[in-house]
Amino acid sequence: MFFSIDPSDEVPIYEQIVRQVKLAVAEGALVGGQMIPSVRQLAGELAINPNTIARAYGQLQTDLVVEPLRGRGLIVRRDAIKRCTKARNAIVGDALCRVLDDAISGGMTADELRAQFEAELSKRLSSGEGS
């Protein structure tokens, strides 16, 4: 699994990891029963403090996305996809709200917003990003 961490993002690093795991499960890139990298392995790959990874993994366990497999590590729960799909929708909804707030407070009209959205969506779909 590939993680993209942005230390300058306002979202804490552990939360970026949590989000990316949930998005990967919702997308089907991670499936029930699949192992996730160990704390030590992921900390080494991302050059991040292992405590940060452990915090993210603890949150994923609390959120019932992963569970420990005795003596082996953490695996994605077989029933996690529904929760992760719901989390993905919430993450996207929150981002849309922030964008809409900025656009409206910046004076964009509904027609300008629709046109901008359609143009960006078309661009991403044609480049394969959204498929």
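So, here is what we can say about the structure in this document. All figures in this text were calculated on a predicted structure; none of them were measured in a lab.

**Some details on the pattern of salt bridges**
Move 1: Under the counting rule described, the total for this entry stands at eight salt bridges.
Move 2: For the salt bridge of Glu120 with Arg124, the shortest nitrogen-to-oxygen distance reads 2.6 Å. With a gap of four residues between them, Glu120 and Arg124 both fall in helix H5 (residues 110–126), about one helical turn apart.
Move 3: Under the relative-accessibility criterion, Glu120 is labelled partly exposed at 26%.

**Here's the deal with the nonpolar core**
Move 1: Of all hydrophobic cores here, the largest spans 23 residues; its most connected members are Val21, Val25 and Val65.
Move 2: At the level of elements, helix H1 (13–27), helix H2 (39–46), helix H3 (50–62), strand S2 (73–76) and helix H4 (80–105) are the ones that each hand at least two residues to this core.
Move 3: Take this core: its biggest share by element is seven residues, from H1.
Move 4: The contact partners of Val65, leaving out residues within four places of it in the chain, are Val21, Lys22, Val25, Leu60, Ile75, Val76, Arg77, Ala80 and Cys84.

Calculation notes
Note that residues are indexed from 1 along each chain, following the sequence as it is written. pLDDT decides what is reported in this predicted model: residues at 70 or higher carry local features, side-chain atom pairs at 80 or more are listed and counted, and totals for whole chains, interfaces and linings draw on all residues regardless. The side-chain quantities take in all heavy atoms of the structure and omit both hydrogens and water. Here, a salt bridge means any Lys or Arg side-chain nitrogen found within 4 Å of an Asp or Glu carboxyl oxygen. Counting from the N terminus, the helices are DSSP H or I runs at least four residues long and the strands are E runs at least two residues long. Partly exposed describes any residue whose relative accessible area lies between the buried limit of under 20% and the exposed limit of over 50%, with all areas from a 1.4 Å probe on protein chains only and scaled to the type maximum. The term nonpolar core refers to a set of buried residues drawn from Ala, Val, Leu, Ile, Met, Phe, Trp, Tyr and Cys, joined through side-chain atoms within 4.5 Å. Two residues qualify as a contact provided that any one of their heavy atoms is within 4.5 Å of a heavy atom in the partner residue.

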